[in-house]
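Analysis of the macromolecular model
Residues per chain, in single letters:
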Amino acid sequence: MSQRRTAATTAAIEVHDLTVSYGAKPVLWDVDVLIPAGQIVAIVGPNGAGKSTLLKAIVGLVRPLTGWIKVFDAPFEQRRAWVAYVPQRESVDWDFPTDALDVVMMGLYGQIGWFRRPSREHRQRALQCLEQLGIAHLAQRQISQLSGGQQQRVFLARALAQNPKLYLLDEPFAGVDAATEDTIFRILRQLRDQGRTVVVVHHDLQTVADRFDYVVLLNLRLIAAGPVEEAFTAENLQRTYGGRLTALAYAAETLLRRDVARESQR
Amino acid sequence: MIVEEFYLLLVAATVAANCALIGSLLLLRKMVLLGDALSHAMLPGIVVAFAITGSLESAGVLLGASIFGLLAVALIERLAHTRLLEQDAAIGVVFTGLFALGVLGVSYYRSVDLDLDCILFGNIELTPFDLVHWGGLTLGPRAFWVNAATLAGNALLTTLLFKELKVSAFDPEFAHAQGLRPRLLHYLVMIAAAMTCVAAFSSVGAILVVAMLAVPPAAAYLWSRSMARMVVWSVLLGAAIGLVGYPVAYAINCSVAGAIALVSGICLVFAITLAPDRGLLARWWAWRQARLRTHALLLLTHLPSRPPGVALTELRQRLGLSERVFEAAVRYVQQHGLAERHHGRLIATEAAGRELADLPLDPSAQRADEREQAQR
């Protein structure tokens, strides 16, 4: 396990001197970070820390004030087809008149190209992706009638349809049931084992240690980044969350200490 | 006279279908208000064209209106882009500003004969008399050709770029990341909306354009399960409303444009009430069924599964339900095989146990059976 991690030396994402500002107040300050390929990476930090902004900057949704970003050693524009971006579930209108299968098909629009129509093969491919997430039976269901967890599964299925090398997921576990969370993590692990890179903006500190390989701690600036065993420390968490470290975060911290203690006993 | 009536129906159907098509794209982008804005913001363009050409029936009016429609689009975009105002506020500010400019112009030229009524409420009754001639042939009303041309353009835009329009309306950030240029599509839709308003205003007037942009798409939206169906239904409904409007106007002896708006309003009321899934009636029915089921399950939790069961009056008092609600619940559990009646007393079946197992009831709470036993 750890050997494979150290073997993966190529960078999926290289962020250099990135500063992003909406209006007068910068939301990201001079961020330098290297995200290795072939790992499941968590981006954590308090609300308003710039986690989502970092993802948006990577896919060109916000224009940085300074700095540059490379995806697999090239500007994003040249790597579009390699990247699947999954926005926050709340960012779209789920009353839009369409069904689950149709949303998954949107993942193929980039490949299909301008002016062309999706074919039967595209439908088949989209259906397979829904199947992978265990919701093929909901293909014809109106998206407004899906539960939060099902909607998130549809979003991930759409990303799978793109068949990318890099997945960028913005809070895929927000408001999602436990079964969906397990399904999604199972698929993310499969993707990693196939050599894909998965970057997740994450809120639940308790699951970071068990479920992620690499962690980026962010609070307006980069606090720390590295393999979970090295970077996800109580000290770094304290520096990231500061006085705002919530009860939940404390719980994560104690969990972590216990795990570390157990590791050292072995 | 028959020919004129046919022309009038042709114009009304084309205008309404055209507005309904572009309106459904605007509705899915939550920008119906933009239609309102465009149809008002064109006024100064019309006045300027009138000042130059001295006529309201010239191509110059269409040009002037187009220029100001596009100017309004650009201003709204720039203003919203500064993030000083939200999009809806930007629309409101720009269109009232330009409209005010137009009103000033109209009052300045009033002495000359610029009819504000005509601009606001249109003059569809006169369109059959403004005909296009080519060689020795009469090719039908000019308003028809102007609107048919924009309709063709809009239909081409919608069919060629259907999937791009869909994804950029549903999830613009995702579309952008995929390289599908949602901003470019946004501008295309805005420009198409401006051209549509310009083409339609001389027939139905600036205000009625808004009704035609908003109502058929809103009704189709409530009624449809996919964007393709919504767009098609919207266009068909728009055309139908246009066709029905004239006979109604004739029957009640009022303006055709007004009758079209009236008919579309009635259609919307029907759609809101009767639409499947989202309609008021459908929602009320779903809510009623859900409440009935809750009452029935509540009743089951108080039902013993062994004889002698429980007497109905006793059960009703225990639950504190009104007679009507209680009887409906009793009927529900019997119809669904959840309880049986023996000598006027009610007993739960095995199926009831399975239903209740899925409920988030406190597991430590006593089952009805045990309660019954304890009482004895």
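Now for the overall build of chain A. A tally of helices and strands in chain A yields 12 helices and 9 strands. Relative to its full complement of 266 residues, chain A shows a buried share of 53%. A separation threshold of at least 6 residues defines the contact pool for chain A, and within that pool the share at least 24 residues apart is 70%. With an accessible surface of roughly 12000 Å², chain A has 49% of that area assigned to carbon and sulfur atoms.

For chain B, the assigned domains are domain 1 (2-278) and domain 2 (281-375). Inter-centroid distance (C-alpha atoms) of domain 1 of chain B to domain 2 of chain B is 56 Å.

Right, let's get into the pattern of salt bridges. Scanning all chains against the criterion turns up 14 salt bridges over all chains. When the shortest N-O distance is used, the salt bridge between Arg-142 of chain B and Asp-130 of chain B registers 2.8 Å. A residue pair is termed long-range when its members are at least 10 positions apart, and Arg-142 of chain B in helix α7 (residues 142-160) and Asp-130 of chain B in the loop between α6 (116-121) and β1 (131-134) qualify at 12 residues. Judged by its relative accessible area of 26%, Asp-130 of chain B falls in the partly exposed class. For Arg-318 of chain B, the salt bridge goes to Glu-314 of chain B, with nearest N and O atoms at 3.0 Å. Of the two residues, Arg-318 of chain B and Glu-314 of chain B are both situated in helix α14 (residues 312-319); the distance of 4 residues between them amounts to about one turn of the helix. Given the relative accessible area of 34%, Arg-318 of chain B is considered partly exposed. Accessibility expressed as a relative area gives 38% for Glu-314 of chain B, which makes it partly exposed. Here the salt bridges do not stand alone but share partners, grouping Arg-192, Asp-193 and Asp-213 of chain A into one network.

Residue and element names in this part refer to chain B. Across 3 bridges, β1 lies against strand β2 (residues 137-141) in antiparallel orientation. Looking at β2, one finds that Trp-134 is bridged to Leu-137. Counting the residues between successive antiparallel strands, the hairpin from β1 to β2 contains 2 residues, one of them, Gly-135, with a positive phi of roughly 65°.

Attention now moves to unusual backbone geometry. Unusually for a residue other than glycine, Phe-72 of chain A sits at a positive phi of about 45°. Along the polypeptide, Phe-72 of chain A turns up in the loop between β4 (66-71) and α3 (76-79). Backbone geometry places Asp-277 of chain B, a non-glycine residue, at a positive phi of 65°. Its location among the elements puts Asp-277 of chain B in the loop between α12 (256-274) and α13 (280-301).

The rules behind each value
- Residues numbered from 1 in each chain as written.
- Chains lettered and ligands numbered in written order.
- Predicted model: local features only at pLDDT ≥ 70, side-chain atom pairs only at ≥ 80, totals over all residues.
- Heavy atoms only, no water.
- Helix = DSSP H or I, 4+ residues; strand = E, 2+ residues; numbered from the N terminus.
- Buried < 20%, exposed > 50% of the residue type's maximum accessible area, 1.4 Å probe, protein only.
- Contact = heavy atoms within 4.5 Å.
- Areas by Shrake-Rupley, 256 points an atom, 1.4 Å probe, with all protein chains shown as cover.
- Domains from an automatic or database assignment.
- Salt bridge = Lys/Arg side-chain N within 4 Å of Asp/Glu carboxyl O.
- Pairing = 2+ DSSP bridges.

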